[in-house]
Structures are given as structure tokens and as C-alpha cells.
Amino acid sequence: MTPVVLIAEELAPAALDVLAHDFDVRHVDGTDRAALLAALADADAVIVRSATQINAEAIAAAPRLKVIARAGIGLDNVEVPAATARGVMVVNAPTSNIVSAAEQAIALLLAVARNTASASSALKNGEWKRSKYTGVELQGKTVGVVGLGRIGVLFAQRIAAFGTRLIAYDPYVQPARAAQLGVRLVGLEELLRESDFISIHLPKTPETVGLIGAKELQLVKPDVRIINAARGGLIDEDALAEALAEGRVAGVGVDVYLKEPCTSSPLFAFDNVVATPHLGASTHEAQDKAGLAVAKSVKLALQGEFVPDAVNVQAGGLVAEEVRPLLPLAEKLGKVFTAVAGGVAAGVTVEVRGEIVNQHDVSVLKLAASKGLFSAIVEEQVTYVNAPLIAADRGVEIDLTTNPEVNEHKNLVTVRGALPDGRTVSVAGAVVTHGVREQIKLTELDGFDLELDAEGNLLFFRYADRPGVVGAVGTVLGAVGVNIAAMQVARREAGGEALMTLTVDSPVAADLLQRAAENIGAASVSAVDLTEE
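Going along each chain's sequence as written, the residues are numbered from 1 onward. Since the coordinates come from a predicted model, pLDDT governs what is reported: local features require at least 70, and pairs of side-chain atoms require 80 or more to be given and counted, while whole-chain, interface and lining totals use all residues. To get the side-chain values, all heavy atoms of the structure are used, and hydrogens and water are removed first.

Peer 1: Explain the overall build of the protein residue by residue, including any values.
Peer 2: Only runs of H or I of at least four residues qualify as helices and only runs of E of at least two qualify as strands under DSSP, and these elements are numbered from the N terminus. If you tally the helices and strands in the protein, you get 18 helices and 22 strands. The globule rule puts the C-alpha radius of gyration for 533 residues at 24 Å, and the 25 Å found for the protein is close to it. Principal-axis analysis of the C-alpha atoms places the extent of the protein at approximately 80 × 70 × 45 Å. For the protein, the proportion of its 533 residues judged to be buried stands at 51%. For the protein, the proportion of contacts with a sequence separation of at least 24, taken over those separated by at least 6, is 63%. Computed with a 1.4 Å probe, the accessible areas rest on the Shrake-Rupley method; for each residue, only the protein chains presented here act as cover. Accessible area for the protein stands at about 23,800 Å²; split by element, carbon and sulfur atoms hold 51% of it. Charge centroids of the protein, computed over 46 positive and 65 negative side chains, lie 4 Å from each other. Throughout, radius of gyration means the C-alpha value; the globule benchmark is 2.2 Å times the number of residues raised to the power 0.38. Exposed residues in this analysis have more than 50% of their type's maximum accessible area, buried residues have under 20%, and partly exposed residues fall in between, with area computed by a 1.4 Å probe over protein chains only. Should any heavy atoms of two residues lie within 4.5 Å, those residues are counted as being in contact. Note on charges: Lys and Arg go in the positive column, Asp and Glu in the negative column, and His and the chain ends are not counted at all. Where a charge lies is defined by one atom per residue type: Lys uses NZ, Arg uses CZ, Asp uses CG and Glu uses CD.

Set out below in C-alpha cells:
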């Protein structure tokens, strides 16, 4: 029987051509729920954009479904856990709009620099006021790029052609990689003080929301122009409006908002603000690229080939059954490493120790660890295929070493690396079997022995060993309703450095975490979310 590919929203003709010769291509209006559910009954794959909701109900209505494809980046309209539980592959087009997004930031910057929108509006209203709309040149100016991911790099490469000086803030990019791009890495405060233009290109995470607020806006030059075409909420809109009103910011270009759709914002009151309705991906080319990319992925998946843009499939049948339990272990170790390091090392080594290295190919564990290393610090979905590309983009070299010797654990995985400030971070873990149940355990962190379930929300405090510390942290957390599910303290000697690890029932805000750390005089504190997705 010819596999059925259901197209629920409009796709480019080139995308349809990829599928037409090998599959039975059918069409349905994805917003007509009854029609969609009926059509899914025979579908082997479904392709959507953003209007069609593929939730657990839709997946249950599709007994033959093997692939859900989202022609775009976001997956808000696809219930990925439900698909994973059913063994349905989910694919998207993670790089389809990066050029369009970078160009939108450039367009906003130029429009703000030359007062284009206001001058156009005035002229259309019959006003010829050339002197009122005098702008500034880009040549010789300092442009601060906040975030050197893929879009940030594309933006930097393009804006450099205007004869600008480039500086950037990104704690997860190595200085050598930035230097290759002609960009000087600086701290956020230095960037804010030095820049004539600032363009934001960060993912939206708990750490980046509100990154630039009232305090940070006190540092900028009064003639600075700020662009945000990344994600709403990275810059405090109210604080930015206040800075504009007080003349502390000369202009703003904004394409994204804390709440969308957004038709009312304090920023809209200013003539020196160019505001657009989230047009970053709204080009014909980006839409066509997205459709073509997912069509190719669907074809690969239905033909049983490896799919580069799968977001919930972990290397499939290429991995031995004995190795598969170590995949989530390696990924979680990567997440813990990044959280504890507070950045990415120039080089990371993934060591696999135990009898498994003589019996099976364990190279996929390097990919799994890489996936964990970057999952919390980049906006795009990190997969087994794009993780090496993300590492290369940030100048991070990741190696794999193996050792057949067996210690107290049958198989042990360690992730370690040296940071630019000279610190070395290491985290190790194992899969422990209890009857028929396998449990992922953290066994070591920077030389401290642990016996900790690698799940849920974990907090790590480093401090000088003394009485009363556990209670002090518990008091701070308990005061705001954060429940401690488990706690473990490790130390090398009485009165020396100690490591306290807490498992809590809910994520802890960064300011609360810092308050708890200050309360005990902790040398460092970090948090990581290992909740199963």
C-alpha cells in the first residue's frame, strides 16, 4: 500500500513535488477539526504549519501515523510527548528562517537609524520635514550583538559590511570562535556601555528573560538604538519605554513582544520606535525552505532512512539495545555540566568506562552528551544531528574516550572539560538496575561522590562545611513554598569544601537561588532541570 502523506496547510509547490512521485498526497483543512481527525485515520505522515493542532487526540485518531512534520521552527502546536509515547517521529525545519530573521534585524536597525518609518508616515500625511528626521550613519559605529548563535552570526556578518566595529556578549561562545568572525567578546555591562547599536539574538530561557531591564538600561549611551527581533521578554518593555521617555535611548526597533499577538504596548507611543508584528520568518523564501525541508524529512522517514531534523528520535536502530539506556544518562550529564560550569568549555571529553566499550559502538554517547550540553542555551531544538554543528559554531571541541576497565559500576559515563577561567568541571553517572527498573544516577561531581537520582529539578551549592547550612537553605526555599524532595551533602573533610545537592518539586527562580546562596555564603550555586520531557 502506498503511504499516505496528509497536507493540512499550504505548502510550496517544490515541497509537494518531493512527495508526489512516491506517496499518496492528500489535502485537508487543518483548522476543520472534524475533517482533520477523519483524514488522519489513513495517514502515515501529516505536514502542518502553525494553525493545525496535532495533540494527543489527533495522534490517537491516526493509527498508521509515523511522522508529524512542522513546516517551521516552533512546535507549540504539536504535542511532542504524546507523539513520542506512540513512537511517532516529529520533525521540523530548524534553519528555515535564520536568514530572514537576521535580515529583519538589519532592516529594523536601518529603519531606526534613518527614522524611515516616521518620515514615511509624515510624508504620506502631507508633511515634508527633512530636518526633523535626520538620522545617523552606521560606518564607524560600535554594534553590540547580544547572542552569537546562528542568527546572531548571520546578523554580525551582514552588519560588518557597513564598516562597523563589532562586540558581542555570549557566555557560551569561545573567544577564538568570536575572533574568527571579527567580533570581540565582552561582558554584558561593557557591551551596554560601549555600543551605539544593540541587537538581541538570544533564545528565550529562564536565564535570558528580562536580561536587559531598568538597571541595565541605566548603562547605555543616550544615543543608543536597540533592536529586538529575537524573542519577546528578553528586554523589559516597560523599562525600555521609560528610557525612551527620559531620552536615555535614542531609538528602538522591535519585532517581538512579551505577549503576542500584541496590539497595545507602551513602546507604540514613540515616533522613534519602529514596531513590526513578528515578521522575522515572514518571507516567501523562509516559508518555501520550511516546506521543502520537512517534505524531504518525511520522505526519508517513510523510506526508513535517518532523519537529520527529527526532534524526538534518538538514533533509532543504529544503536545497540545495550547502549540505549546510556543515551539519556549522557544527555543528562551534559545538562548538568553546562549548569555547573555556567558556560561551555573550549574542549569537552566524554569518557565511557566499562565492559560495554569492548562489545558495542558507543560513539553515539558523544552525540547524546553534546545534545545535553547545548539544550538549555540555544533556542533551536538540539538533536543528535545538529548538536555537532552547534558545537562547531561555538568553537567547542568534543572528544570521546573509552576504557574497558570496570569499577564499582558496570558502565560509567563521565563528562569533563576545562573552562576559559581555568576551572575544570566533571560529572559522572551510571545506569543502576533495581529489579526490572533502570535508574539513572549521578555518581560524582567535581570529585565529590554522589548517589543521586538524575531526575527533576536539582540545585547544587558549594560552600564551606559548617553546621546550620542545610537548615538555612531550607528556610529560604520553604518561605516561598519550594518543597525539597531529597537532599545530599558530600564533603572531602570536615570543615572543608562541601557540596549540597537538593532535589526540589518545582523550578527555582534565579533571584531566589541567589538569595539562598548568599544566605549561606556559598562559593557557587547552580540549577538544572532534568525533568523528563
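Peer 1: Outline the nonpolar core, listing residues and values.
Peer 2: Residues Phe337, Leu365, Phe374, Leu442 and Phe460 are the most contacted members of the largest nonpolar core, which totals 50 residues. Ranked by the residues each element gives to this core, the list is headed by helix H13 (residues 326–341), at 9 residues. Ignoring anything within four residues of it in the chain, the contact list for Phe374 reads Val344, Val382, Ala387, Ile390, Ala391, Arg394, Val396 and Ile398. Among the buried residues, those of types Ala, Val, Leu, Ile, Met, Phe, Trp, Tyr and Cys that are joined through side-chain atoms within 4.5 Å form a nonpolar core. Grouped together as the second largest cluster of nonpolar side chains are 29 residues, Ile226, Ala230, Ala241 and Val273 included.

Peer 1: Talk me through the environment of Val469; I want residue IDs and the actual numbers.
Peer 2: In this fold, Val469 is placed in helix H17 (residues 469–479). What makes Val469 buried here is its relative accessible area of 3%. On a C-alpha basis, the gap between Val469 and Asn519 in space is 8.8 Å, while along the polypeptide they are 50 residues apart. Beyond its immediate chain neighbours, meaning those up to four positions away, Val469 contacts Tyr463, Met500 and Ile520.

Peer 1: Tell me about a nonpolar patch on the surface, and please be specific about residues and values.
Peer 2: Any residue with relative accessible area above 30% and no salt bridge may belong to a patch, with like charges joined within 9 Å and the nonpolar Val, Leu, Ile, Met, Phe, Trp and Tyr side chains within 5 Å. Salt bridge criterion: a side-chain nitrogen from Lys or Arg within 4 Å of a carboxyl oxygen from Asp or Glu. A surface patch of nonpolar side chains, about 280 Å² in accessible area, is lined by Val470, Ile484, Met487 and Val489. Per-element tally for the nonpolar patch: the top contributor is strand E20 (residues 484–491), with 3 residues. With respect to the element layout, Met487 can be found in strand E20.

Peer 1: How would you summarise the sheet that holds strand E18 (residues 448–453) if you had to cite specific residues and measurements?
Peer 2: If you trace the 6 strands from one edge of the open sheet to the other, you get E14-E13-E15-E16-E17-E18, paired in mixed fashion. Each end of this open sheet is capped by a strand with a single partner; those strands are strand E14 (397–403) and E18. Neighbouring strand axes in the sheet, compared pairwise and without regard to direction, differ in orientation by 20° on average. At least two bridges found by DSSP between two strands is the condition for calling them paired. Summarising the sheet, strand E13 (residues 347–354) and strand E15 (residues 411–418) pair through 8 bridges and their orientation is antiparallel. Along E15, the bridge assignment pairs Val348 with Gly417. For every element, the axis is a line fit to its C-alpha atoms; helices are fit only across the contacting stretch, and the angle between N-to-C directions ranges from 0 to 180 degrees. The sheet contacts of H13 involve E13, E15, strand E16 (424–434) and strand E17 (437–445), and relative to E16 the element is tilted by about 150°. Each of E13, E14 and E15 touches helix H15 (residues 364–374); the most contacted strand, E14, lies at about 135° to it.

Peer 1: Describe the pairing of strand E21 (residues 497–504), and please don't skip the residues or the numbers.
Peer 2: Taken across its 8 residues, E21 has 7 buried, putting it largely inside the fold. Two elements, strand E19 (residues 456–464) and E21, share 8 bridges in a ladder whose sense is antiparallel. Residue Ala464 lies in a different strand from E21, and its bridge partner there is Glu497. One ladder, built from 7 bridges, connects E20 with E21; its direction is antiparallel. Each bridged residue has a counterpart across the sheet, and for Ile484 the counterpart in E21 is Val504. Counting the residues between successive antiparallel strands, the hairpin from E20 to E21 contains 5 residues, one of them, Gly495, with a positive phi of roughly 80°.

Peer 1: Explain the pattern of salt bridges to me, using residue names and the numbers behind them.
Peer 2: If you walk through the whole model with that rule in mind, you get 23 salt bridges. For Arg353, the salt bridge identified is with Glu405, shortest N-O distance 3.5 Å. Residue Arg353 is found in strand E13, and its partner Glu405 is found in the loop between E14 and E15; the two are separated by 52 residues along the sequence. Within the structure, one salt-bridge network assembled from shared partners comprises Asp446, Arg462, Arg492 and Glu497.

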